[in-house]
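So you can see what is in the structure, the chains are spelled out below.
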Number of protein chains: 2
Amino acid sequence: MCQLLGMNCNTPTDIVFSFTGFACRAGRTGEHVDGWGVAFFEGHGVRHFVDHQAALVSPVAELIRRYPIKSQNVVAHIRKATVGKVSLENCHPFVRELWGRYWVFAHNGDLKNYSPLLTGPYLPVGTTDSELAFCWMLQSLRERFPTRPAQAQLNEAVRELSAEISTHGTFNYMLSDGTALFAHCSTNLYYLVRQYPFTLAKLCDEDMSVDFASVTTPSDRIAMIVTEPLTNNEVWTRFQPGELKVFIDGLPVASSIHEFQLAV
Amino acid sequence: MCQLLGMNCNTPTDIVFSFTGFACRAGRTGEHVDGWGVAFFEGHGVRHFVDHQAALVSPVAELIRRYPIKSQNVVAHIRKATVGKVSLENCHPFVRELWGRYWVFAHNGDLKNYSPLLTGPYLPVGTTDSELAFCWMLQSLRERFPTRPAQAQLNEAVRELSAEISTHGTFNYMLSDGTALFAHCSTNLYYLVRQYPFTLAKLCDEDMSVDFASVTTPSDRIAMIVTEPLTNNEVWTRFQPGELKVFIDGLPVASSIHEFQLAV
């Protein structure tokens, strides 16, 4: 299994504090040492960093911990390999283009007996069930909509696709096109919104705290989404199984829960 | 205009020496300060770094200069903006997936009156003529071949597409799918092959030299391709206008020259 970290904000914000705690799970407080990756949206562009070394020792992860890249949508992943060998092409998040925008996707969980029909527009490069699911989701969205539909239609389509894939196993994931961050829970996912008045936050995984009041403005709003809470003095809200939440500008703007039954 | 740097090798090799000289052109020995990028293939995976800061001062470029990422195919680009604003989504190289492999593309030059019909599988995210040309090339390859054809067929198709786009202006570019590196020249492109017996090389843009005999094995073979020679004590071969060379395992394995006439 793996761990996921997502951030969605109303103003470009760096993720140095949260990534530092998260990266500790790649060898120190967790066993997720089979590669990692992170994607930062910056305007319509994406900075995409992947490495098959553990995030705790990777020189690229060291850069991320030190260089405050500011972004409104971030998706990060640390991997403990279950399906697919340890290699760069199997590191999440994956990136593809749809409707003239980049989409990024990272997944926690395993899908069983999952072999969707891929007709061509998106084919996996690596060997994970995760990239397969991502390719199928984008293919399905492309089939339904020639251009990006209204947000509500898009949310409903993503919900339906998530429900279908969830019948094959655990499908905790994060997906973003740089505007919205979709977070879907099968088993483990938590979120919180940091906003005025900001307070001090203390990491669970590292002896480190930050007083967000000193590094924010009153109008800032930041949603953090993660497979296990990152701080031990803030209130994290747990997702329901089968719940899809859509975050825009630092707020959960839509939420829906689908029934699902494992096919296995 | 911009500058391009490509490397194609028979064994994974780092590009620290050449990138160091190349990055000097982003502010010290050249004026290419409007962003930069580099893509490294590692197996089927790609490490893709882009930054809208100049490569000379970017913390991400600093990482590349220090961290010896080993790769068989590398494409790098430093940008002086002509068409398209300075932003992350306009930084080369661009990455897309075709036939289950990543493809990377970087371009030097300007295309005039260029508005190809894009039918959907690849749409530009940014606003450069370069990304437009890349999307059209991949769309055209996809239309011709449902899966990756034999190398000779692929070379011929890329040659035809290059000739067609060249009628719109200057089209120096590098394109790679991780196996082959295609380099096309309209105006400026040079290459050399480093192989046994290896010698000392001295950068033009920086007081730095390396004795490749001490960091290679006799079977290593490395082709370097660049818009302006990087070293002043090696023999660089200049491409002909309209020439496409295909590099595999550190050697130019195919070469063809097309006639072209500017449409403008």
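Everything numeric here is computed off the predicted structure, so don't read it as measured data.

## As for the pattern of salt bridges
Okay, so step 1: Scanning the model with the defined rule gives 24 salt bridges over all chains in all.
Okay, so step 2: With a shortest N-O distance of 3.0 Å, Arg25(A) and Asp205(A) are connected by a salt bridge. Of this pair, Arg25(A) sits in the loop between α1 (16-23) and β2 (36-42) while Asp205(A) sits in the loop between β10 (200-202) and β11 (209-211); the two residues are 180 residues apart in sequence, bridging distant segments of the chain.
Okay, so step 3: Judged by relative accessible area, Arg25(A) falls into the buried class, the value being 5%.
Okay, so step 4: On the basis of relative accessible area, Asp205(A) is assigned to the buried category, the value being 11%.
Okay, so step 5: The structure contains a network of salt bridges with shared partners spanning Glu42(A), Arg47(A) and Asp51(B).

## Re the packing of aromatic side chains
Okay, so step 1: Using the criterion set out here, one finds 25 aromatic pairs over all chains in the structure.
Okay, so step 2: Relative to Trp103(B), the ring of Trp99(B) has its centre 5.9 Å away and its plane inclined at 75 degrees; by these criteria the two rings are edge-to-face. Across this residue pair, the class does not change: Trp99(B) and Trp103(B) are buried.
Okay, so step 3: The rings of Phe40(A), Phe49(A), Phe40(B) and Phe49(B) are connected pair by pair, giving a single aromatic cluster.
Okay, so step 4: The positively charged end of Lys245(B) is found above the aromatic ring belonging to Phe239(B), 5.9 Å away from the centroid.

## Here we look at the sheet that holds strand β14 (residues 243-248) of chain A
Residue and element names in this part refer to chain A.
Okay, so step 1: Read from one edge to the other, the open sheet built from six strands follows the order β5-β6-β7-β8-β14-β15, with strand pairing classed as antiparallel. On the outer flanks of this sheet lie β5 (94-98) and β15 (251-257), each paired with one strand and no other. Pairwise comparison of adjacent strand axes, ignoring direction, gives a mean angle of 20 degrees for this sheet.
Okay, so step 2: Bridge count between strand β8 (residues 181-185) and β14: five bridges; the pairing is antiparallel. Across the sheet, Phe182 pairs through a bridge with Val246, a residue of β14.
Okay, so step 3: Where helix α3 (residues 129-144) meets the sheet, its contacts fall on β5, β6 (101-108) and β7 (172-176), and the angle it forms with β5 comes to roughly 10 degrees.

## A closer look at empty space enclosed by the protein
Okay, so step 1: Considering all chains together, one arrives at three cavities of 30 Å³ or more under this definition.
Okay, so step 2: A volume near 390 Å³ is recorded for the largest cavity.
Okay, so step 3: Lining of the largest cavity is provided by 30 residues; of these, His48(A), Val95(A), Tyr102(A), His48(B) and Val95(B) occupy positions nearest its centre.
Okay, so step 4: Of all the secondary-structure elements, those providing two or more residues to the lining of the largest cavity are β3 (45-51) and β5 of chain A together with β3 (45-51) and β5 (94-98) of chain B.
Okay, so step 5: Partitioned by chemical class, the residues of the lining of the largest cavity number 20 nonpolar, four polar and six charged.

## Observations regarding the interface of chain A and chain B
Okay, so step 1: With 32 residues of chain A in contact, the opposing surface of chain B contributes 32 residues.
Okay, so step 2: Between the two partners, chain A and chain B, sit four salt bridges.
Okay, so step 3: Remark: the boundary between chain A and chain B carries 19 residue pairs in polar contact (both at pLDDT 80 or more).
Okay, so step 4: Sorting the residues of the side of chain A that touches chain B by element identifies β3, α2 (59-66), β5, β6 and α3 of chain A as the ones contributing at least two each.
Okay, so step 5: If you tally residues by element for the side of chain A that touches chain B, the top one is β3(A), at seven residues.
Okay, so step 6: Among the residues forming the side of chain A that touches chain B, the class breakdown is 16 nonpolar, seven polar and nine charged.

## Concerning the side chain of Asn155(B)
Okay, so step 1: With respect to the helices and strands, Asn155(B) occurs in helix α4 (residues 151-166).
Okay, so step 2: Given a relative accessible area of 11%, Asn155(B) falls into the buried group.

## Some remarks on the packing of helix α1 (residues 16-24) of chain B against helix α2 (residues 59-66) of chain B
To describe two helices that pack against each other, one gives the angle between their axes and the distance between the axes.
Residues and elements named next belong to chain B.
Okay, so step 1: Contact geometry for α1 and α2: axes closest at 8 Å, N-to-C directions at 145 degrees. Taken together, the residues of α2 that come into contact with α1 (itself represented by Val16, Phe19, Thr20 and Ala23) are Ala61, Ile64 and Arg65.
Okay, so step 2: Within the contact of α1 with α2, the residues separate by chemical class into five nonpolar, one polar and one charged.

## Remarks on α2(A)
Three- or four-residue spacings in an α-helix give side chains the same orientation, since the helix completes a turn every 3.6 residues.
Okay, so step 1: Three or more residues of α2(A) are buried, namely Val60(A), Ala61(A), Leu63(A), Ile64(A) and Arg65(A).
Okay, so step 2: Buried residues along α2(A) sit in contact with α1, β2 and β3 of chain A together with β3 and α2 of chain B.

## Examining the environment of Pro218(B)
Okay, so step 1: Assignment of secondary structure puts Pro218(B) in the loop between β11 (209-211) and β12 (221-226).
Okay, so step 2: Between the alpha carbons of Pro218(B) and Ala54(B) there is a distance of 36 Å; along the sequence they are 164 residues apart.

## Let's talk about the sheet that holds strand β7 (residues 172-176) of chain B
Residue and element names in this part refer to chain B.
Okay, so step 1: Taken together, six strands build an open sheet; the order of strands is β5-β6-β7-β8-β14-β15 and the sheet is antiparallel. Lying at the two open borders of the sheet, with one neighbouring strand each, are β5 and β15 (251-257). Pairs of neighbouring strands in the sheet enclose a mean axial angle of 20 degrees, with direction left out of account.
Okay, so step 2: Across the sheet, helix α3 (residues 129-144) is in contact with β5, β6 (101-108) and β7; its angle to β5 comes to roughly 10 degrees.

## Observations regarding the relation of the copies chain A and chain B
Okay, so step 1: The two copies are related by a screw motion: chain A maps onto chain B through a turn of 180 degrees and a shift of 0.0 Å along the axis, at an RMSD of 0.0 Å. Taken together, the rotation and translation describe the operation of a two-fold axis.

The rules behind the values
Residues numbered from 1 in each chain as written. Chains lettered and ligands numbered in written order. Predicted model: local features only at pLDDT ≥ 70, side-chain atom pairs only at ≥ 80, totals over all residues. Heavy atoms only, no water. Salt bridge = Lys/Arg side-chain N within 4 Å of Asp/Glu carboxyl O. Helix = DSSP H or I, 4+ residues; strand = E, 2+ residues; numbered from the N terminus. Buried < 20%, exposed > 50% of the residue type's maximum accessible area, 1.4 Å probe, protein only. Phe/Tyr/Trp six-rings, centres within 6.5 Å; stacked < 30°, edge-to-face > 60°. Lys NZ or Arg CZ within 6 Å of the ring centre and 35° of its normal. Pairing = 2+ DSSP bridges. Axes fitted to C-alpha atoms, helices over the stretch in contact; angles between N-to-C directions. Contact = heavy atoms within 4.5 Å. 1 Å grid on protein atoms, 1.4 Å probe; cavity = no way out; pocket = protein on both sides within 12 Å on 5 of 7 lines; lining within 4 Å. Points joined across faces, edges and corners; volume = space filled by probe spheres on them. Nonpolar A, V, L, I, M, F, W, Y, C, P; charged D, E, K, R; others polar. Polar contact = N/O pair within 3.5 Å; in protein donor to acceptor, adjacent residues only side chain to side chain. Least-squares fit on C-alpha atoms with pLDDT ≥ 70 in both.

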